[in-house]
Amino acid sequence: MTKETLKEKIIFFIESSRKKSFSMEEIAQGLGLEKSEDFKLLVQTIAQMEREQTVVFTKKGKVKLPLQPILVEGTFRANERGFGFVTIDPEEDDIYIPKEATGYAMDGDTVAIDIIKTADTAMDRGAEGKVVEIRKRATTQLAGEFVAYPEEEIKETDLYGVVIPKDKKMNQFKIYAAAEGIRPVDGSIVMVELTHYPEKNYATSLEGIIKQVIGHKNDPGMDILSIVVSNGIPTQFPDDVLAEADHVPDEISEKDLIGRKDLRDQLIVTIDGEDAKDLDDAVTVKKRANGNYFLGVHIADVSYYVTQGSQLDREAYERGTSVYLTDRVIPMIPQRLSNGICSLNPHVPRLTMSCEMEIDPTGKVISHEIFPSVIQTTERMTYTAVNQILEEQDEAVMERYEQLVPMFQEMKELHDILEEMRIRRGAISFEDREAKILVDPDGHPMDIQLRSRGVGERLIESFMLAANETVAEHFYKQHFPFIYRIHEQPKEEKMQRFFDFASALGIVVQGTKGSITPKDLQKVIEHVEDRPESAVINTMLLRSMQQARYSEDNFGHYGLAAEYYTHFTSPIRRYPDLIVHRLIRSYGQDASDTNKTYWEGELPEIADHSSKMERRAVEAEREVDSMKKAEFMMDKVGEEFDGIISSVVKFGLFIELPNTVEGLIHINELKQDYFHFIENHLALVGERTGLTFKIGQKVRVKVTKADPDERAVDFELVSAEEVASLERPKTQRKGRPVSRQNRNSERSDKKGKKNPRTNDRKNAKSTTGKKGKKPFYKGIKKKKKKK
């Protein structure tokens, strides 16, 4: 009998017995190992099992199985200082994981943890845990810049070189490229498939195989592409998806019209931006004799072409959404469809899913119909042209679209009614300060302009909101399984922080933190509309809100004050909208309980995945915007600008310029005094002088640094608007200000993500340590291969 077999028998014997602990003689008797040679083997085996901690000895010298910890599963979030947190339930506090207890987990990993300290509410101390097992790695591949080794070092180490990750959250790791697979040239941007993860003695080391060369770091547009790839967003469609798209016809046929209502004789238009190519919504409005309005919203019937289970469908599901970046769009479906047969181009028939509504003068939808249709748009209108018509600014435009002018005027009337209705019920209308970054053909930013929203933009928004609400309410009341766009009530602790912030600005918020209504918050926005800190109030209120997401359960939309809401109007660029269309068609053909049960099982995963893909896209869009804004400010170092304090944190002031560029004045750069952070006022107050800096305060700043790689801009304070001093801190300082070395982890506190410095090229190449020693990963590779 081998020791391994005997180990299994010992564990089975103890597990299957009522007793918990046994003497050596009892185990020997139970296993029939009472002969001297057998007993000797038993003693040796149990001694080995004790070393392996698969058995333990009691104080009385008896053998028992160790107590198994009760493990809970969650998502690990790493901090660059080494410790981390595990989220078990989004509604509950995270579990703190000390540096020595992370078990080499990486950010985003699914882990099993043992709770080693429970929460102590009296001491305001959260629970503490230990990572016992890494159940699923979140990062299996990454993008980065390849730094090649010399030939002699490749032979010595079995490594092509190292890869500097583009994802700043991975910057503390050194990624080694194994000498197999693709061998790129120095400076290539590559995709690495990870094969070895951190372990004992090598906590910041990874190894992988280069699977793809994306381009070279000096290629135009490679900076954006690197961010796209590092976020896991696919940049090309697989061949089978493109082949399937090629088989979709360019024109509709008679058989496509079966079961559709023909609306080709109606006056229907699309209204989009000048550069839009995927036109997925069209509208028509007519005022009726009874004073009500007829509103027709017609949406491209993408689900007719992207059929369930097809290659196109699987790819659209994986992508979840189109991604809109500074100078490009990464579409959800191939452009042959999105810009072709699915785009509601003018003067050609197109298949649509329609929602027609009759709306009374109070904005209430009194009747509606949802059905598949075919339309032929009369004109492809732009927001600019519609705004010129409604504001009667351009006679030539008015004359060109003379036939459509009366309809646009009725559209404005209906929009005003719908907007007033939303305000009346309490919808929160945030002042949107969205910036458009203009770039040259090589992708270098030339200007940053604020996007303007005229009546044309807002009326289309009103009509899309009306259709989304109507479709959601219809299927909710039909008791069909459905996918909703939900926005839940803000959490109490976030609302309390907003209350504290508002009161520091002298703003009284009606309602309580646990029951505040959207109408109460809308009153706050209206109250500060003409004040300098209006934009800051909007931003802080947005940060206090929960994230909107997709769900199979209808919890309403808090921000819109809508009881029912979904996304029906953009199936070219959002997968949930495509699913809504598919559900409309599915229930129209089969309303059986079997079909309902099927969708009941499918929708939770679709909703969850779509929400995650949306967040991935938003993160990439934000990273690109931050990078391009920093690049835009590079040649402005030394120049002065007016701005406003947009955020105050313990390590300094964040300043926003009128063009939406945001930068940091670090607390170390405020030389006038030693400053204390007064959290409930969100202010910095000088210890000696009482000099106060707070949100909304006007300042003049000088640009001292702009770094696109770090996506960061640094400012120096030139002057500040005088504001009333807050009460100075009574306690003297006990420590020094936050050091400049830590400023990047500090930026992460404000931005919600880490932003460490990029390792320089020299550090990336220093892998051999002391002279004459091989890189440590050589040894790991050999050891792993022996296994």
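Residues numbered from 1 in each chain as written. Predicted model: local features only at pLDDT ≥ 70, side-chain atom pairs only at ≥ 80, totals over all residues. Heavy atoms only, no water.

Trainee: Just to check I follow, could you spell out unusual backbone geometry for this structure?
Mentor: The phi angle of most residues is negative, glycine excepted, and most peptide bonds adopt the trans form. Unlike most non-glycine residues, tyrosine 104 shows phi in positive territory, near 65 degrees. Here tyrosine 104 lies in the loop between strand 6 (95–97) and strand 7 (110–117). By relative accessible area, which is 31% here, tyrosine 104 ends up partly exposed. (Helix = DSSP H or I, 4+ residues; strand = E, 2+ residues; numbered from the N terminus. Buried < 20%, exposed > 50% of the residue type's maximum accessible area, 1.4 Å probe, protein only.)

Trainee: Teacher, can you tell me more about the packing of aromatic side chains here?
Mentor: Working definition: an aromatic ring pair is given by the centre-to-centre distance plus the angle between the planes. Counting across every chain of the model gives 16 aromatic pairs. With 6.3 Å between their ring centres and 75 degrees between their planes, tyrosine 476 and tyrosine 484 make a pair best called edge-to-face. Take tyrosine 484: its relative accessible area is 4%, and that puts it in the buried class. Pairing phenylalanine 480 with tyrosine 587 gives two aromatic rings, centres 4.3 Å apart and planes at 15 degrees, and the pair type is stacked. (Phe/Tyr/Trp six-rings, centres within 6.5 Å; stacked < 30°, edge-to-face > 60°.)

Trainee: Help me out: how do you make sense of the confidence of the model for the chain in this one?
Mentor: Close reading of the predicted structure is inappropriate where its pLDDT is low. The predicted model of the chain has a mean per-residue pLDDT of 87, with 90% of residues at 70 or higher. Confidence over residues 734–746 falls short of pLDDT 50; this stretch has 30 contacts with residues more than four positions distant or in other chains. Here residues 748–787 is a poorly scored stretch, pLDDT under 50, and it has 88 contacts once near neighbours within four places are set aside; other chains count. (pLDDT = per-residue confidence, 0-100. Contact = heavy atoms within 4.5 Å.)

Trainee: Looking at this structure, I do not really get helix 2 (residues 24–31). What am I missing?
Mentor: Owing to its 3.6 residues per turn, the α-helix brings residues three or four apart onto one side. Listing the buried residues of helix 2 in full gives Met24, Ile27 and Ala28. An end-on view of helix 2 places all buried positions within 100 degrees of arc, on one side of the element. Turned more than 90 degrees from where helix 2 packs its buried face, Glu25 and Gln29 sit exposed. Positive backbone phi, at 70 degrees, marks glycine 32, one or two positions downstream of helix 2. (Arc of directions from axis to C-beta.)

Trainee: So what exactly am I meant to see when it comes to the environment of tyrosine 304 here?
Mentor: Tracing the chain through its elements places tyrosine 304 in helix 7 (residues 302–305). Measuring from C-alpha to C-alpha, the distance between tyrosine 304 and isoleucine 370 comes to 16 Å, with 66 residues separating the pair along the chain. The contacts of tyrosine 304, once residues within four sequence positions are left out, are Lys255, Asp256, Arg260, Leu351 and Arg585. A distance of 2.6 Å separates polar atoms of two side chains, one belonging to tyrosine 304 and the other to aspartate 256. (Polar contact = N/O pair within 3.5 Å; in protein donor to acceptor, adjacent residues only side chain to side chain.)

Trainee: Help me understand the side chain of asparagine 659, please; the structure alone is not making it clear to me.
Mentor: Among the secondary structure elements, asparagine 659 is positioned in the loop between strand 28 (652–656) and strand 29 (662–666). At a separation of 3.1 Å, a polar atom in the side chain of asparagine 659 contacts the main-chain amide nitrogen of valine 661.

Trainee: Sorry if this is basic, but what is going on with the UniProt feature "domain: S1 motif" (unreviewed entry) in the chain here?
Mentor: When the UniProt feature table is mapped onto this chain, "domain: S1 motif" (unreviewed entry) is found at residues 638–718. Spanning residues 638–718, this segment combines 0% helix with 59% strand, and its end C-alpha atoms are found 11 Å apart. (UniProt positions renumbered as here; feature names shortened; annotations may be inferred.)

Trainee: How should the pattern of salt bridges be read in this particular structure?
Mentor: Oppositely charged side chains may form a pair once their charged atoms are brought near each other. Following the criterion strictly, the structure yields 37 salt bridges and no others. Measuring nitrogen to oxygen at the nearest pair gives 2.7 Å for the salt bridge that ties aspartate 109 to arginine 137. In this pair, aspartate 109 sits in the loop between strand 6 and strand 7 while arginine 137 sits in the loop between strand 8 (128–136) and strand 9 (141–148), placing the two residues 28 residues apart along the sequence. The same class applies to aspartate 109 and to arginine 137, which are both buried. Salt-bridge contacts for arginine 336 lead to aspartate 250; the nearest nitrogen and oxygen are separated by 2.8 Å. On the criterion of sequence distance, the pair formed by arginine 336 in helix 9 (residues 335–341) and aspartate 250 in the loop between helix 6 (239–246) and strand 14 (261–262) is long-range, its members being 86 residues apart. The partly exposed category is assigned to arginine 336, whose relative accessible area is 30%. (Salt bridge = Lys/Arg side-chain N within 4 Å of Asp/Glu carboxyl O.)

Trainee: Help me out: how do you make sense of the nonpolar core in this one?
Mentor: Side chains of nonpolar character tend, in soluble globular proteins, to be buried together. Residues Ile271, Leu337, Met381, Phe408, Met411 and Phe463 are the most contacted members of the largest nonpolar core, which totals 86 residues. The leading source of residues in this core is helix 13 (residues 455–477), at 10 residues. Contacts of phenylalanine 408, omitting those with residues within four sequence positions, involve Val269, Ile271, Met381, Val386, Ile389 and Leu390. With 48 residues, the next largest nonpolar core counts Phe501, Ile667, Val699 and Val703 among its residues. (Core = buried A, V, L, I, M, F, W, Y, C linked by side-chain atoms within 4.5 Å.)

Trainee: Where do I start with a negative patch on the surface in this structure?
Mentor: Side chains of Asp89, Glu92, Asp93, Asp94, Glu492 and Glu493 sit close together on the surface and give a patch of like negative charge. Mapped onto the elements of the fold, glutamate 92 is located in the loop between strand 5 (84–87) and strand 6. Here glutamate 92 falls in the exposed class, since its relative accessible area comes to 53%. (Patch = residues over 30% accessible without salt bridge, like charges linked within 9 Å, V, L, I, M, F, W, Y side chains within 5 Å. Areas by Shrake-Rupley, 256 points an atom, 1.4 Å probe, with all protein chains shown as cover. Lys, Arg positive; Asp, Glu negative; His and termini not counted. Charge placed at Lys NZ, Arg CZ, Asp CG, Glu CD.)

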